[in-house]
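The residues making up each chain are set out below.
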Amino acid sequence: MNEKLFSLPVADQITPYISLRLMGELPVVVIAHPKVRAAVTLQGAQLVAWQPSGEKPVIWLSEKTAWTSGKAIRGGVPVCWPWFGPAGEPAHGFARSLPWTLSAHDENEESVMLTLTLESSEQTKKFWPHDFMLFARFRFSDRCEIELEAHGDFEATGALHTYFAVEDIAGVEVSGLGQPYIDKVKENAEGRAENGRQTYPDRVDRIFTQPEDCSTIHDTAGNRLIEVYHHYHSDVVTWNPGPALSCSMSDMANEGYKSMVCVETAHVTQPMVSAGESPARLATTIKVRKRA
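Overview of the structure. (Residues numbered from 1 in each chain as written. Predicted model: local features only at pLDDT ≥ 70, side-chain atom pairs only at ≥ 80, totals over all residues. Heavy atoms only, no water.)

Describing the sheet that holds strand β4 (residues 36–41)
One open sheet accounts for five strands, arranged β1-β2-β3-β4-β5; its pairing is antiparallel. Of all the strands in the sheet, just β1 (10–13) and β5 (46–52) have a single pairing partner and so form its edges. Neighbour to neighbour, the strand axes of the sheet diverge by 20 degrees on average, direction disregarded. (Pairing = 2+ DSSP bridges. Helix = DSSP H or I, 4+ residues; strand = E, 2+ residues; numbered from the N terminus. Axes fitted to C-alpha atoms, helices over the stretch in contact; angles between N-to-C directions.)

As for the packing of aromatic side chains
Tallying each qualifying case throughout the model produces 14 aromatic pairs. Relative to Phe-132, the ring of Trp-81 lies with its centre 5.0 Å away and its plane at 65 degrees, an arrangement referred to as edge-to-face. Residue Trp-81 is located in the loop between β6 (79–80) and β7 (101–107), and its partner Phe-132 is located in strand β9 (residues 132–140); the two are separated by 51 residues in the primary sequence. Like Trp-81, the residue Phe-132 is buried in the burial classification. Here the aromatic rings of Phe-94 and Phe-127 are separated by 5.7 Å at their centres, their planes lie at 25 degrees, and the arrangement is stacked. Separated by 33 residues along the polypeptide, Phe-94 in the loop between β6 and β7 and Phe-127 in the loop between α2 (122–125) and β9 bring together distant segments of the chain. Since its relative accessible area comes to 37%, Phe-127 is described here as partly exposed. Through a chain of ring-to-ring contacts, three or more aromatic side chains come together here, namely Trp-81, Trp-83, Phe-94, Phe-127, Trp-128, Phe-132 and Phe-154. Just above the ring of Phe-6 sits the side chain of Arg-37; from NZ or CZ to the centre is 4.1 Å. (Phe/Tyr/Trp six-rings, centres within 6.5 Å; stacked < 30°, edge-to-face > 60°. Buried < 20%, exposed > 50% of the residue type's maximum accessible area, 1.4 Å probe, protein only. Lys NZ or Arg CZ within 6 Å of the ring centre and 35° of its normal.)

Remarks on the environment of Thr-68
Following the sequence through the fold, Thr-68 ends up in the loop between β5 and β6. Spatially, the C-alpha atoms of Thr-68 and His-267 are 28 Å apart, while their sequence positions differ by 199 residues. Apart from the residues within four sequence positions on either side, Thr-68 is in contact with Glu-25, Leu-26 and Gln-43. (Contact = heavy atoms within 4.5 Å.)

Here it is as structure tokens:
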């Protein structure tokens, strides 16, 4: 799927490193730079690929996602906003299924930067009554930086719902999560993770409420570590559908759960507060390195 994105025909060569292409019905901004490859859909300002030169793909994307206008993309980094989960309709908010505008871009020998914007409209007010301006900023280099900035007067919840590519979930452990969590598989029961670590023997859906500022994905079979730095967050969500749910999902292969894990920078148990000249922010930085 990653290679398919980068071999799409170019619809518009915006700069030497940035082009606009079409995947199904969805426009995709594709970055092809000597040091990094990446791709962001205009629908949802959703990162769907990031791969530093010499590395395997870091972001997971379902081979069965539909690429149809208005339908959520399975994988990548969905922007869940202005609510997380089933707090409203549609689930995980409307930001991930509406078209955004590419409002700024820059590039140099080391990196490429993109800014996408979404603002309130008659359409958004059918879901949510507030005026807002939302910015999604990306900086791609040997690391991936994503920042969401929300302007207006309101409270919201949200997440950068990042799907990471792993070799085999059976050998994956995530550390740096802190101990207390809310277990959504067990009807929001409270639990504690020994040593702030998480493995994936079956379906996992947990909100860690006192996480460290960096979570590390230990991908044993893939022989690498993915470091996920969280900024402006209150929580970290970790999710894997496990075999039964994976088989029931139309936009995921039956064994899709084996090659992905979600570690999400989130504001779920505490709201993001936007007020006047003080926007709310949520951001993550991703780095990858070999296991020692």
